[in-house]
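Below are the chains, spelled out letter by letter.
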Amino acid sequence: MCNDLYLFTDGSVNPQSKVGYGAFLCLSSLSISLEEAKSRVKLNRFENTSSTKLELQILLLALNEIDSDNCHVIVYTDSQNIIGLPGRRERFEKNDYRSKNGKLIANHELYQEFYRLTDRLKCEFVKVEGHKASGQKDHVDQYFTLVDRATRAALRKGR
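About the cut-offs
- Residues numbered from 1 in each chain as written.
- Predicted model: local features only at pLDDT ≥ 70, side-chain atom pairs only at ≥ 80, totals over all residues.
- Heavy atoms only, no water.
- Salt bridge = Lys/Arg side-chain N within 4 Å of Asp/Glu carboxyl O.
- Helix = DSSP H or I, 4+ residues; strand = E, 2+ residues; numbered from the N terminus.
- Buried < 20%, exposed > 50% of the residue type's maximum accessible area, 1.4 Å probe, protein only.

The chain has the name Ribonuclease H in an unreviewed UniProt entry, where Labilibaculum antarcticum is given as its organism.

Given below as structure tokens:
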């Protein structure tokens, strides 16, 4: 049995090289120390990606690691694209993931997987304001900062 899971995701991309790093942190409680949480951050490198695509890729990677269908996953992200996806589903499906001129939309396979996984896992999405001043950060912001810093540090080292 799986209760609430708290998932924090973020990504950073070098637009010139199209290489990016995504990180996620999955917690069963928001009372875990920041030091313990930091040790649980998972990082992954992606090639031939963009910021929009990478945010989706790292979220899907994280959701695929959750092995129970009975979870309520609260996803914390600063990606406006991900926050808006649930509201865009009906239009995407009605138009068979095609634009007005009949071409398949970019990342359509990722969007389809997003809907499949978020249906199975009962996901809820919470928009996090990235890059807040330290004095303005609550506990959720502090966890999000761990994934944000991990992606930016990996991108700096990986160039």
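**A few points about the pattern of salt bridges**
All chains considered together, the criterion is met by 8 salt bridges. A salt bridge links E93 to R89; the nearest nitrogen and oxygen atoms lie 2.9 Å apart. A residue pair is termed a helical-turn pair when its members lie 3 or 4 positions apart in one helix, as E93 and R89 do in helix α3 (residues 80–94) at 4 residues. Judged by relative accessible area, E93 falls into the partly exposed class, the value being 41%. A relative accessible area of 23% places R89 in the partly exposed class. Salt-bridge contacts for D148 lead to R152; the nearest nitrogen and oxygen are separated by 2.8 Å. Of this pair, D148 and R152 both sit in helix α5 (residues 139–158), 4 residues apart, which is roughly one turn of the helix. Given the relative accessible area of 7%, D148 is considered buried. Within the structure, one salt-bridge network assembled from shared partners comprises R89, E93 and D119.

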